[in-house]
Amino acid sequence: MQEKKSAPAAKSAQRVIKKYPNRRLYDTDTSTYITLAEVRQLVMDHQHVVVRDAKTGEDLTRSILLQIILEEEAGGAPIFTESVLANIIRFYGHAMQGFMGAYLEKNVQAFTDVQAKLAEQSQSVTPEMWAQFMSLQSPLLKGMMGNYVEQSQSMLTQMQEQMQKQTEQMLGAFGIKR
């Protein structure tokens, strides 16, 4: 029986960072210890980062990303107001928790897409072209923002419909009809 030779292992599409009990982060790609700021930079560079507990292998990615957000929020001009944070907290344990996460994710992605398109378009823009662009209130910008607003409105409508269905089900369980 011939032994098959496997192709050389391709470099992983994700960057694996190990977190040790002493709270140090070890980048397995570079075989070096890195800081939380360096993990932040990997995220900023669009690297797919996975953080694992070095001992148990447990996925700690979310907690590390939340830690980065916490440091960013504390370090300057925060994105989230206290009111927004309080409302997010109120959604935990609420029937709409899963829907709210999807709603936020889609809206942030739509905003990111609009931002990327604008950045792409602005690379070849001169100051004169920019002035003309602003004076015409570009249909492109209106179209992109219109798509964003439309998508956001659609998600809000879905959320309202879901809440209405859940309310009717709850009232029905008590024998109350609307």
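Residues numbered from 1 in each chain as written. Predicted model: local features only at pLDDT ≥ 70, side-chain atom pairs only at ≥ 80, totals over all residues. Heavy atoms only, no water.

Per an unreviewed UniProt entry, the protein goes by Polyhydroxyalkonate synthesis repressor, PhaR and derives from Acidovorax delafieldii 2AN.

Draft legend 1. Quick look at the nonpolar core. If you look at the biggest cluster of nonpolar residues, it comprises 11 residues: Ile-17, Leu-25, Ile-34, Leu-36, Val-39, Leu-42, Val-49, Val-51, Leu-60, Ile-64 and Ile-68. Every element with two or more residues in this core is listed here: helix 1 (36-44), strand 4 (48-53) and helix 2 (61-75). It is helix 1 that provides the largest number of residues to this core, a total of 3 residues. Leaving out residues up to four positions away in the same chain, Ile-17 has contacts with Leu-25, Tyr-26, Asp-27, Ile-34, Leu-42, Val-49, Val-50, Val-51 and Arg-52. (Core = buried A, V, L, I, M, F, W, Y, C linked by side-chain atoms within 4.5 Å. Buried < 20%, exposed > 50% of the residue type's maximum accessible area, 1.4 Å probe, protein only. Helix = DSSP H or I, 4+ residues; strand = E, 2+ residues; numbered from the N terminus. Contact = heavy atoms within 4.5 Å.)

Draft legend 2. Main features of a nonpolar patch on the surface. Side chains of Leu-66, Ile-69, Ile-79, Phe-80, Val-84 and Leu-85 sit close together on the surface and give an oily, nonpolar patch of about 530 Å² of accessible area. Secondary structure elements with two or more residues in the nonpolar patch: helix 2 and helix 3 (82-91). Since its relative accessible area comes to 32%, Phe-80 is described here as partly exposed. (Patch = residues over 30% accessible without salt bridge, like charges linked within 9 Å, V, L, I, M, F, W, Y side chains within 5 Å. Areas by Shrake-Rupley, 256 points an atom, 1.4 Å probe, with all protein chains shown as cover. Salt bridge = Lys/Arg side-chain N within 4 Å of Asp/Glu carboxyl O.)

Draft legend 3. Representation of the packing of aromatic side chains. In the structure shown here, the tally under the stated rule is 3 aromatic pairs. Pairing Tyr-26 with Tyr-33 gives two aromatic rings, centres 5.2 Å apart and planes at 65°, and the pair type is edge-to-face. (Phe/Tyr/Trp six-rings, centres within 6.5 Å; stacked < 30°, edge-to-face > 60°.)

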